[in-house]
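Structural overview for review
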Amino acid sequence: MDAKYGLPKNLMQWVDDHRDQLKPPVCNAAVFPDGNYIINMVGGGNQRTDFHDNPTEEIFYQLRGEAYLIVWDRGRFERIDLKAGDVFLQPPHLIHSPQRPDPDGLCLLIELPRPQGAHDSLQWHCAHCGTEVWKATQQLESLVDDLPRVYDRFYALKDEARVCPECGTQHPGKDHHAWHEQLSKSSVRDF
């Protein structure tokens, strides 16, 4: 038999064997790096300040623990909770920020490869008013490799480059505690 991607594997054993790869900032590792789908396991223990605009659907299957997505939609921050056992099919272009505060959480994430010319973007929004502070758009080749490079570019910006052009609030960069504190007082938050 020619099983191109190998024989079945025990997913939880795969997690145990690759635990060191499930770390911030994205906590992703490819389960099948050479298949026709992007199939990643996502570990917990991270909270982000960025938002992702994916041109394709994403399937979230929360295997263990709890997580949530903060979405920017219709001029408001909203929240979608993911509890153990939940599956969620996210539509294309739903601007979302995965939050995985549970260090033992696990999510199986399945995405489609991006067609040539269909670009992903990572964007950082002002927690106070929702205005986009900074954005990077590119053809995504690898979630695991490409996203951290964009994070590094944003985090390397000088403080004055991370000021909201609408209300003047300073975006705290990768300090997710400060960003979430700002969000808790936001007038455009529905949760």
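Higher on the page you've got the structure.
Numbers given for residues are sequential positions, taken from 1 along each chain in its written order. Predicted model: local features are reported for residues with pLDDT of at least 70 only, side-chain atom pairs are reported and counted for 80 or more only, and whole-chain, interface and lining totals are derived from all residues. Excluding hydrogens and water, the side-chain figures rest on all heavy atoms present in the structure.

For the rest of this paragraph, the subject is the sheet that holds strand S5 (residues 58–64). When DSSP finds two or more bridges between two strands, those strands count as paired. Starting at the N terminus, helices and strands are each numbered in turn, a helix being any DSSP run of H or I of at least four residues and a strand any DSSP run of E of at least two. Within the open sheet, the 5 strands sit side by side as S1-S2-S10-S5-S8. Their pairing is antiparallel. Both edges of this open sheet fall to strand S1 (28–30) and strand S8 (87–90), since each of them pairs with a single strand only. Neighbouring strand axes in the sheet, compared pairwise and without regard to direction, differ in orientation by 25° on average. Pairing between S5 and S8: 4 bridges, direction antiparallel. If you follow Ile 59 over to S8, its bridge partner there is Leu 89. Fitted lines through C-alpha atoms serve as axes, helices being fitted only where they are in contact, and the angles separating the N-to-C directions of these axes extend from 0 to 180 degrees.

With that out of the way, let us pick up the packing of aromatic side chains. A pair of Phe, Tyr and Trp rings is counted when the ring centres sit within 6.5 Å of each other, with Trp represented by its six-membered ring. The angle between the planes then sorts it: under 30 degrees is stacked, over 60 is edge-to-face, the rest tilted. According to the stated counting rule, one finds 12 aromatic pairs in the structure shown. Between Trp 124 and Tyr 155, the aromatic rings sit 6.4 Å apart at their centres with planes inclined by 75°, giving edge-to-face as the arrangement. Of this pair, Trp 124 sits in strand S11 (residues 120–125) while Tyr 155 sits in helix H2 (residues 143–155), and the two are 31 residues apart along the sequence. Ring pairing ties together the aromatic residues Trp 124, Trp 134, Tyr 151, Phe 154 and Tyr 155, which thus form one cluster. We call a charge positioned above a ring when the Lys NZ or Arg CZ atom is no farther than 6 Å from the ring centre and deviates by at most 35 degrees from the ring normal. Directly above the ring of Tyr 68 sits Arg 79, whose terminal nitrogen or CZ lies 3.7 Å from the centroid. Across from the ring centre of Phe 191, 4.9 Å away, lies the NZ or CZ of Arg 189, which sits over that ring.

On to the pairing of strand S7 (residues 76–82), then. The pairing of strand S6 (residues 67–73) with S7 spans 7 bridges and is classified as antiparallel. Residue pairing in the sheet places Ile 70 in a bridge with Arg 79 of S7. Hairpin connection of S6 to S7: 2 residues between the antiparallel strands, including Arg 74 at a positive phi of 55°.

Together, Ile 59, Tyr 61, Val 87 and Leu 89 make up a nonpolar patch on the protein surface, roughly 360 Å² of accessible area in all. Of all elements in the fold, only S5 and S8 reach the threshold of two or more residues within the nonpolar patch. Tracing the backbone through its elements, the reader meets Ile 59 in strand S5. Three labels apply to residues, based on accessible area from a 1.4 Å probe with only protein chains included: buried if under 20% of the type maximum, exposed if over 50%, partly exposed otherwise in between. Taking relative accessible area as the criterion, Ile 59 reaches 33% and is therefore assigned partly exposed. A patch is a set of surface residues, each over 30% in relative accessible area and not in a salt bridge, joined within 9 Å for like charges and within 5 Å for the nonpolar side chains Val, Leu, Ile, Met, Phe, Trp and Tyr. Shrake-Rupley sampling with a 1.4 Å probe provides the accessible areas, and residues are treated as covered by the protein chains on show and by no other component. Salt bridge, as applied in this entry: a Lys or Arg side-chain nitrogen positioned within 4 Å of an Asp or Glu carboxyl oxygen.

With that settled, consider the layout of surface pockets. Both cavities and pockets are sets of points on a 1 Å grid over the protein atoms alone; in a cavity a 1.4 Å probe fits but cannot get out, in a pocket the set is open with protein on both sides within 12 Å along at least five of seven lines, and lining residues sit with an atom within 4 Å of a point. Grid points are joined across faces, edges and corners, and a volume is the space filled by probe spheres set on the points. Its volume calculated, the largest pocket comes out at about 270 Å³. Pro 33, Ile 38, Glu 141, Ser 142 and Leu 143 are the residues nearest the centre of the largest pocket, which is lined by 18 residues in total. Secondary-structure elements contributing two or more residues to the lining of the largest pocket are strand S2 (38–43) and H2. Considering each element in turn, the lining of the largest pocket owes the most residues, 3 residues, to S2.

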